[in-house]
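Results of the structural survey
Below, each chain spelled out in residue letters.
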Amino acid sequence: MSSSESPVLNRLLQIVAVFTCSVTLLAAPVHAAQRKKVEIQKASTSSAVAKRSSVKTVRVARASKTKVAAKSRAAMRPVAVIIPAQPSFGELAGLHGAPDALALKSSVALVIDQDTREVLFSKNDQAVLPIASITKLMTGVVINEAHLPMDEEITITQDDVDTEKRSRSRLTVGSTLSRGELLHLALMSSENRAAHALGRTYPGGLPTFVALMNAKAKGLGMKDTRYVEPTGLSSENQSSARDLATLVNAAYNEPTLRELTTSQGYQVEIGSRMMQFNNTNRLVKNPDWDIGLQKTGFINEAGQCLVLQAKVAGRKLIMVFLDSAGKLSRIADAERVRHWVEANHMMTARAAVKIAG
């Protein structure tokens, strides 16, 4: 290399060296910044992961607490116990399976012409079963025949409270009503405390009253009937359909009993309150029916029961339905019988017209 070229070359080398150094110095901060950015991103990602993990942990903890609380509440809730329905005496005797031409739901049924005593329909009519509040019809007969003062005030006491079936009553202990009012409530709305109070306050007390009920049954020729108390809450009050038809016929002869049993509703003043009571038999409000006397009854041992006197197709009929399976089935059975009697009447009338023609 010539001497003239050396200074130029040296200068060129110095410039390259300075440029290289500058590039190195500039690059260092960039790499550091990138590293710092990467570290920040990693830290941020770790923080987010930690946060999500924390939220998940809290959610799991809350869910766990919720499950524990739910289990705790479930444990504290009363467990529903399904108690099987108590079978009636008729069911236990196998009467529910007995077929009949009208497919009635009642185990026992009897329909007779009140004037001629002709039996129009019968089903297990000699079976002796509990009669529930049909009992109150005999209670009414005995009270009515005693001619006691109907305006005499009688107070409901603890003795009138049902301890056998624990049935409810709107007549609280201490309530005071007249004998006539108690008789009305016993026959119309089947008030148990009213019926019991009538027997309890009878001259001679409850034993005398029950003895008179049985004596009256015997006098009417009711050979299958027995009473132990005046309400019908006891399953020991028992009778047959034939006997009850006899009782309905006897009770129908008393205007007071006809009026009270078919009364649709009645108000009584108890203390400072007026209370409304209604008939337990919806048929008394039905314009399709002409009912002269009726009484309903129910306890588990007896099933749903109904006796009534009604005019159907121009005939005075007595109907008895015992041990019916459902709450409305005794009413439905009465309707079936009425429609059947009316249909037969129409057929007979048409046949008579045809013969006359």
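Up top is the structure.
Residues numbered from 1 in each chain as written. Predicted model: local features only at pLDDT ≥ 70, side-chain atom pairs only at ≥ 80, totals over all residues. Heavy atoms only, no water.

**Examining the overall build of the protein chain**
This is how the line gets drawn: For the purposes of this entry, the term helix denotes a DSSP run of H or I that reaches at least four residues, the term strand denotes a run of E that reaches at least two, and both are numbered from the N terminus. Residues count as neighbours in contact if any of their non-hydrogen atoms are within 4.5 Å of one another.
Across its full length, the protein chain holds 9 helices and 11 strands. Restricting to contacts in the protein chain with at least 6 residues of sequence separation, those with at least 24 account for 63%.

**Considering the pairing of strand β11 (residues 315-324)**
The following threshold applies: Burial status follows relative accessibility: with a 1.4 Å probe on protein chains alone, a residue under 20% of its type maximum counts as buried, one over 50% as exposed, and anything between as partly exposed. Only strands joined by at least two bridges in the DSSP assignment are considered to pair.
Counting buried positions over the 10 residues of β11 gives 8, a clear majority of the element. Of the pairings in the sheet, the one linking strand β1 (residues 106-113) to β11 comprises 7 bridges and is antiparallel in character. Within the sheet, the bridge partner assigned to I112 lies in β11 and is I318. Here strand β10 (residues 303-312) folds back onto β11, and the loop between the two strands holds 2 residues, one of which, A313, carries a positive phi near 50°.

**Side note on the packing of helix α5 (residues 192-200) against helix α6 (residues 205-219)**
Formally: For every element, the axis is a line fit to its C-alpha atoms; helices are fit only across the contacting stretch, and the angle between N-to-C directions ranges from 0 to 180 degrees. Just so you know how the angles are binned, under 35 degrees is roughly parallel, over 145 roughly antiparallel, 65 to 115 roughly perpendicular, and the rest oblique. Throughout, the ten residues Ala, Val, Leu, Ile, Met, Phe, Trp, Tyr, Cys and Pro are labelled nonpolar, Asp, Glu, Lys and Arg are labelled charged, and all others, Gly among them, are labelled polar.
Here α5 crosses α6 at 100°, and the two axes come no closer than 7 Å. Relative to α6, the element α5 is oriented roughly perpendicular. Along its contact with α5, which presents H196, G199 and R200, the element α6 presents G205, L206 and F209. Here the residues of the contact of α5 with α6 sort into 2 nonpolar, 3 polar and 1 charged.

**Digging into the packing of aromatic side chains**
Within a pair of aromatic rings, the relevant descriptors are the distance that separates the centres and the angle that separates the planes. Selection rule: For Phe, Tyr and Trp, rings pair up if their centres lie within 6.5 Å, where Trp contributes its six-membered ring, and each pair is then called stacked (planes under 30 degrees apart), edge-to-face (over 60) or tilted (otherwise). Only when the NZ of Lys or the CZ of Arg is both within 6 Å of the ring centre and within 35 degrees of the ring normal is a charge said to sit over the ring.
With the rule as written, the count across this model stands at 2 aromatic pairs. Note on F121 and W340: the rings are 5.9 Å apart at their centroids and 70° apart in plane angle, and the pair reads as edge-to-face. Of this pair, F121 sits in strand β2 (residues 119-123) while W340 sits in helix α9 (residues 329-356), and the two are 219 residues apart along the sequence. By relative accessible area, which is 8% here, F121 ends up buried. When its relative accessible area of 26% is taken as the criterion, W340 is described as partly exposed. Between R170 and the ring centre of F277, over which it is positioned, the NZ or CZ distance is 4.4 Å. Positioned over the ring face of Y252 is R258, at 5.0 Å from the centre of the ring.

**Quick word on the environment of G265**
Positionally, G265 belongs in strand β7 (residues 265-270). As for G265 and S189, which are separated by 76 residues in sequence, their C-alpha atoms are 8.4 Å apart. Contacts of G265, omitting those with residues within four sequence positions, involve M188, Q276, F277 and N278.

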